[in-house]
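Tertiary structure, described
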Number of protein chains: 2
Amino acid sequence: MNAETAEHIRQVATEMGYRTNPLARALPTGKTSLLAIIVADVTNPFFFELLRGADDTATKAGYTLLVADVQESVEAERQALDRVLPMVEGVVLATSRMSDSSIRVAAKQRPTVVLNRSMSDIASVATDNARGMRRAVEHLGALGHTSITYVAGPDASWANGIRWQALREACHELGLRARRIGPFSPTQAGGLSAAGELAATPSTAVIAYNDLLAIGLMRGLQSLGIRIPDDVSIVGFDNIFGADFCTPQLTTVAAPLRQLGAVAVQTLLDDLRGTPRVPRTSPGGPLKTALLPARLVIRASTGPSHPTNDWPNGGRPAADEGDED
Amino acid sequence: MNAETAEHIRQVATEMGYRTNPLARALPTGKTSLLAIIVADVTNPFFFELLRGADDTATKAGYTLLVADVQESVEAERQALDRVLPMVEGVVLATSRMSDSSIRVAAKQRPTVVLNRSMSDIASVATDNARGMRRAVEHLGALGHTSITYVAGPDASWANGIRWQALREACHELGLRARRIGPFSPTQAGGLSAAGELAATPSTAVIAYNDLLAIGLMRGLQSLGIRIPDDVSIVGFDNIFGADFCTPQLTTVAAPLRQLGAVAVQTLLDDLRGTPRVPRTSPGGPLKTALLPARLVIRASTGPSHPTNDWPNGGRPAADEGDED
DNA sequence: TTGAAAGCGCTAACAA
DNA sequence: TTGTTAGCGCTTTCAA
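Residues numbered from 1 in each chain as written. Chains lettered and ligands numbered in written order. Predicted model: local features only at pLDDT ≥ 70, side-chain atom pairs only at ≥ 80, totals over all residues. Heavy atoms only, no water.

Here we look at the side chain of Thr127 of chain B
- Mapping Thr127 of chain B onto the fold places it in strand β5 (residues 123–127).
- With residues near it in sequence (within four places) discarded, Thr127 of chain B still touches Asn116, Ala255, Pro256, Leu260, Leu291, Leu292 and Ala294 of chain B. (Helix = DSSP H or I, 4+ residues; strand = E, 2+ residues; numbered from the N terminus. Contact = heavy atoms within 4.5 Å.)

Take a look at the structure:
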């Protein structure tokens, strides 16, 4: 048959409403054109732009993105993976709560990339937390603060560990003192309870694990009569939706949300094209680890340190407590 | 074979890592255990809780939810549908921008539920906008306002039409005057531009199409030196994430977001179980139309009307003072 | 270049 | 009850 008539047939078929059945195609080939992203909590604004970036690049490549919300539960995450792995060609684990080994078993079955986490043998894409933190500490230092309190997120969070460590290092280099309270749940509610704890041991500058926590913290502090940034300067992390309309607007280390999602999916796609059918266990495989730049967005929640700082309750001096790892 | 050994075999198989291949099962049966939800904009916080509700009930029923973001584009929506329809058992169209007829052709292929939209022949679930609006108008009336300005969203939005109509009716019944400006994009940016227009023709009370618009409006108004709620009271719609930490905290008509998603998916599931293989075109089919109750959340953006209201600059738009960020 | 056949891993309808 | 067989709609390999 010549190419011309072939094209004609194709055209007529399309007109008649014929579509090739993706399921039937997928059965012999394994090509489902499906990618999955597992998120800890769809409700967390951290994921909004990230999902957009991921969906966007997946769609452009002819893939469909399957989003699974696991509600912060390791068990749900495992189930979602089990359910989804056999139908997708690859998966991105965004902020997984699972152990490294669990992630490896998944990666053995399908190309996998982890987001905001670092694993030696799995492709990963993350924000450059260390540099971001460094910028935040410099900013606070330049404003005259001499001591910084880190309001920690979940112990299980990889990012939390990295951020605290980076803060300590940066403080050390710049001659500032670092203190840590927590852990707190990375939510507004968590921030509210952090406010109580912080008020008991005042500080002129705090960096919170993330924006949600920072926003809750600000609300809690304000309801205790503490002014921001006059009494305390607050820095968040991620620059999520809402960071620009809370009061005061939040100074934060902006993660390249959209890009994070896009790069994660792109990494998966490269992998799919590059090493078809070859299990990722093969050493020397195309193992990318992308570190995307963060940027400090200075808004209204940070200001000069007031040495004669007076907290409403007379601010009991802060015993330097809990500087544990 | 007796049941005992059968069970034993099953168990051993599982231990050996055998899983039934969902693709292979789906080919002859059509049962993919996949449901799709098409959202206009994953980035819009309106969808956060909604997605959670949807994903949650889908998962509990043994289904996997496929989320497609169509970025407010009708074209993208059509493509997403084309791509997704053949692999899923049903689809929920959340705030679709497509025409009724386009939706009908989709519904002919797979069970379909529309969200926040009403169609005579398609199952739908929506917020009871009319009653919600009524409550908002009563609230404003009780505060002494005599005239309400509606800041409209997109003309293409079904909800926008309903809300404006309900506002007019409620105002009429309560003897208030109703006015409308817009349409504006249902985003913070849209609210910012609405602020300029509103400042040119002051009003003591406004109800915005949605929270995003209301938040942008507040920010715009405040940057013009207008105080909220002293100079203007503002009511939003939806009670999205962030409505409780903008300044002032937003009074809003809360949509039952989580429930909306849950009910939409549940409707789909009922449909799948109830009328297997029967095309939905069959008249008299199980056509549910759920209207979920909204509730007025009174916060700080509404207050008593000040009859001798004096806007700065005599109500003419102030020079734009530049919005940082 | 074109056509025929085998089979992907399951389910369901049929015989035995 | 148990075992067998014929597809689901495609891709791919192998003959012609």
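Description of the protein's contact with DNA strand D
- Taken together, the residues surrounding DNA strand D are Tyr18, Arg19, Thr20, Asn21, Ala24, Arg25, Pro28 and Thr29 of chain A together with Met1, Leu27 and Pro28 of chain B.
- Between DNA strand D and Tyr18 of chain A, the relevant distance is 2.7 Å, taken from a phosphate oxygen to a side-chain nitrogen or oxygen of the residue.
- Pro28 of chain B is positioned such that a nitrogen or oxygen atom in its backbone is 3.4 Å from a base oxygen of DNA strand D.
- Those elements that place two or more of their residues in the surface near DNA strand D are α2 (22–29) of chain A together with α2 (22–29) of chain B. (Near = heavy atom within 4 Å. Polar contact = N/O pair within 3.5 Å; in protein donor to acceptor, adjacent residues only side chain to side chain.)

Some remarks on the protein's contact with DNA strand C
- The local shell around DNA strand C consists of Met1, Leu27 and Pro28 of chain A together with Tyr18, Arg19, Thr20, Asn21, Ala24, Arg25, Pro28 and Thr29 of chain B.
- A breakdown of the atoms of DNA strand C within 4 Å of the protein gives sugar and phosphate a share of 82%.
- Here Ala24 of chain B contributes a backbone N or O atom positioned 3.3 Å from a base nitrogen of DNA strand C.
- Between DNA strand C and the protein, one listed contact pairs a phosphate oxygen with a side-chain N or O atom of Arg25 of chain B at 2.5 Å.
- Of all the secondary structure elements, the ones that give two or more residues to the surface near DNA strand C are α2 of chain A together with α2 of chain B.
- Per-element tally for the surface near DNA strand C: the top contributor is α2 of chain B, with four residues.

Describing the sheet that holds strand β4 (residues 112–115) of chain B
All names here are of chain B.
- Across the sheet, which stays open at both edges, the six strands sit in the order β2-β1-β3-β4-β5-β11 with parallel pairing between neighbours. In the strand order of this sheet, the two ends are held by β2 (64–69) and β11 (289–292), each with one partner. On average, adjacent strands in this sheet sit at an angle of 15° to one another, irrespective of strand direction.
- One ladder, built from three bridges, connects β4 with β5; its direction is parallel. Its bridge partner lying in β5, Val114 is registered against Ser124. (Pairing = 2+ DSSP bridges. Axes fitted to C-alpha atoms, helices over the stretch in contact; angles between N-to-C directions.)

Looking at the relation of the copies chain A and chain B
- Rotating chain A by 180° and translating it 0.0 Å along the rotation axis places it on chain B, where the RMSD comes to 0.1 Å. What we have between these two chains is a two-fold relation.
- Counting the interface residues of chain A, we find that 98% of their copies in chain B are interface residues as well, pointing to one common contact surface. (Least-squares fit on C-alpha atoms with pLDDT ≥ 70 in both.)

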